[in-house]
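# Breakdown of the fold
Below, each chain spelled out in residue letters.
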Amino acid sequence: MAVDTGKTCIGLYCGKTVLFSNGSNETFGECGGCPRGQRTDSYSICRQCMGTPVLYDWLYLGFMGLLPLILHWFFIEWYSGKKSSSAFFQHITALLECTVAALITLLVNDPVGYLHIRSCGVEKLSDWYTMLYNPSPDYVNTVHCTQEAVYPLYTIVFIYYAFCLVLMMLLRPLLIKKIACGLGKSDRFKSIYAALYFLPILTVIQAVGGGLLYYAFPYIILVLSLITLAVYMSASEIETFKDLLVKKKRLVVLFSHWLVHAYGIISISRMDKLERDLPLLALVPGPTLFYLLTAKFTDPSRIRQEEGSGH
């Protein structure tokens with residue numbers, strides 16, 4: 001293929017769109033932003049993204065996809081109350097909404113109708129913020145080359161959140177109206193109202209900090225899961241293994257945290273070498289064991305009792 005390398009575009013992300021291609025002969029347009037689904041090559045030519053997401057990319061998308069589901073479950077549990085029997089059905093409905101939204105999002109992205117996507121890949125942090133790298137050759141006029149260099153990792157999250165919102169508005173009110181008999185009229189739809197707040201907030205976070213989250217999400221997962229596990233076990237007054245077995249719900253919460261721990265470890269290691277990275281999953285129960293073994297030494301009532309006996 002004959003490519004004119006004599007004149008490349010200025011700026012990191014400016015490229016020339018291929019207007020006509022006939023074998024080895026190609027005609028290019030002016031330098032500017034590449035169309036969606038394309039990215040500049042080393043010759044500043046906009047080329048179609050034909051790669052596939054790597055494991056880390058899928059883990060990032062999984063993290064962004066789980067955020068609405070976890071928040072749905074949290075607010076459903078928060079507003080349902082201990083006596084309400086509707087929480088379980090709402091949890092299942094939220095899971096159904098997010099699952100269907102994820103499937104539809106994959107189907108509508110290129111290639112349309114398939115559960116796999118084409119990707120440009122991520123090379124560096126600046127790929128997420130191309131709007132900050134529009135060049136000004138004469139320091140007066142700006143050449144606008146903003147594009148989705150990390151296609152489709154940036155916009156696919158927005159599409160997913162939109163489908164989550166639409167499906168929630170279609171399914172959840174009907175469900176709650178029929179089964180949420182244990183709740184007052186003013187409390188029935190509070191979990192939906194909460195979603196109307198946190199979904200726009202998640203959208204803004206993705207818009208502003210998507211690139212930072214891409215590199216930091218494994219550590220965010222581990223830190224938050226450790227904090228929430230410690231808070232839950234402390235609030236539930238779990239100090240021994242026997243306390244965990246008293247209620248099935250406690251085991252469900254514990255195993256859920258273990259899955260999150262494993263997700264974070266896999267995301268950090270990226271499982272490049274299985275013989276090296278798989279043994280790291282043995283660390284998953286570590287925080288729980290450490291808490292149970294040390295809880296009796298940090299019990300405030302016991303500390304006060306020892307202080308009183310010392311005097």
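Computed from a predicted structure; not experimentally measured.

## Details of the side chain of Ser126
- Tracing the sequence through the fold places Ser126 in the loop between α2 (87–108) and α3 (155–179).
- In this structure Ser126 touches Tyr13 and Tyr133, once residues within four positions along its chain are discounted.

## Describing the packing of helix α1 (residues 55–80) against helix α4 (residues 190–235)
- The N-to-C vectors of α1 and α4 enclose an angle of 150°; their axes lie 10 Å apart at closest approach. On the basis of the axis angle, α1 is roughly antiparallel to α4. For the crossing formed where α1 meets α4, the hand is right-handed.
- Residues of the contact of α1 with α4, tallied by class, amount to 22 nonpolar, four polar and two charged.

## Remarks on the layout of surface pockets
- In this structure, the largest pocket occupies an estimated 1,900 Å³ of space.
- For the largest pocket, the lining is made up of 39 residues, of which Ile70, Trp73, Phe74, Val253 and His257 are closest to its centre.
- At the level of elements, α1, α2, α4 and α6 (248–269) are the ones that each hand at least two residues to the lining of the largest pocket.
- A per-element tally of the lining of the largest pocket places α1 first, with 12 residues.
- Considering only residue class, the lining of the largest pocket consists of 25 nonpolar, nine polar and five charged.

## Observations concerning the UniProt feature "transmembrane region" (unreviewed entry) in the protein
- In this numbering, the UniProt entry assigns the feature "transmembrane region" (unreviewed entry) to residues 58–76, 151–171, 192–213, 219–238, 250–266 and 278–295.
- The straight-line gap between the two end C-alpha atoms of residues 151–171 is 31 Å; of that span, 81% is helix and 0% is strand.

## Looking at the packing of α1 against α2
- Packing of α1 against α2 leaves a shortest axis separation of 10 Å and a crossing angle of 155°. As the angle between them shows, α1 and α2 are arranged roughly antiparallel. Of the two elements, α1 crosses α2, and the hand of that crossing is right-handed. Counting all contacts with α1, which are made through Trp58, Leu69, His72, Trp73, Ile76, Glu77 and Ser80, the residues of α2 involved are Ala87, Gln90, His91, Ala94, Leu95, Glu97, Cys98 and Leu106.

## Remarks on the packing of aromatic side chains
- Within the structure shown, the criterion is met by 17 aromatic pairs.
- For the ring pair Phe74 and Phe75, a centre distance of 5.1 Å and an interplane angle of 80° mean the geometry is edge-to-face.
- In this structure Phe74 comes out as partly exposed when scored by relative accessible area, which is 44%.
- Ring pairs connect the aromatic residues Tyr56, Tyr60, Phe63, Trp128, Tyr154, Phe158, Tyr214, Tyr215 and Phe217, which therefore count as one cluster.

## Points about unusual backbone geometry
- Residue Asp110 is joined to Pro111 through a cis peptide bond whose omega torsion reads 0°.
- Its place among the elements puts Pro111 in the loop between α2 and α3.
- Across the junction of Tyr151 and Pro152, the peptide omega takes the value -5°, indicating a cis bond.
- Phi at Met271 is positive, roughly 50°, even though this residue is not glycine.
- As for its placement among the helices and strands, Met271 is situated in the loop between α6 and α7 (274–277).
- For Met271, a relative accessible area of 16% translates into the label buried.

## Here's the deal with the environment of Ser80
- Mapping Ser80 onto the fold places it in helix α1.
- Spatially, the C-alpha atom of Ser80 lies 9.3 Å from that of Gln90, the residues being 10 residues apart in sequence.

## Here we look at the side chain of Ser269
- Positionally, Ser269 belongs in helix α6.
- By relative accessible area, which is 11% here, Ser269 ends up buried.
- Reaching out from Ser269, the side chain makes a polar contact with the backbone oxygen of Ile266 at a distance of 3.4 Å.
- When neighbours within four sequence positions are excluded, Ser269 is seen to be in contact with Arg276, Asp277 and Leu280.

Calculation criteria
Residues numbered from 1 in each chain as written. Predicted model: local features only at pLDDT ≥ 70, side-chain atom pairs only at ≥ 80, totals over all residues. Heavy atoms only, no water. Helix = DSSP H or I, 4+ residues; strand = E, 2+ residues; numbered from the N terminus. Contact = heavy atoms within 4.5 Å. Axes fitted to C-alpha atoms, helices over the stretch in contact; angles between N-to-C directions. Parallel < 35°, antiparallel > 145°, perpendicular 65-115°, else oblique. Left-handed = near helix turned anticlockwise from the far one by under 90°. Nonpolar A, V, L, I, M, F, W, Y, C, P; charged D, E, K, R; others polar. 1 Å grid on protein atoms, 1.4 Å probe; cavity = no way out; pocket = protein on both sides within 12 Å on 5 of 7 lines; lining within 4 Å. Points joined across faces, edges and corners; volume = space filled by probe spheres on them. UniProt positions renumbered as here; feature names shortened; annotations may be inferred. Phe/Tyr/Trp six-rings, centres within 6.5 Å; stacked < 30°, edge-to-face > 60°. Buried < 20%, exposed > 50% of the residue type's maximum accessible area, 1.4 Å probe, protein only. Polar contact = N/O pair within 3.5 Å; in protein donor to acceptor, adjacent residues only side chain to side chain.

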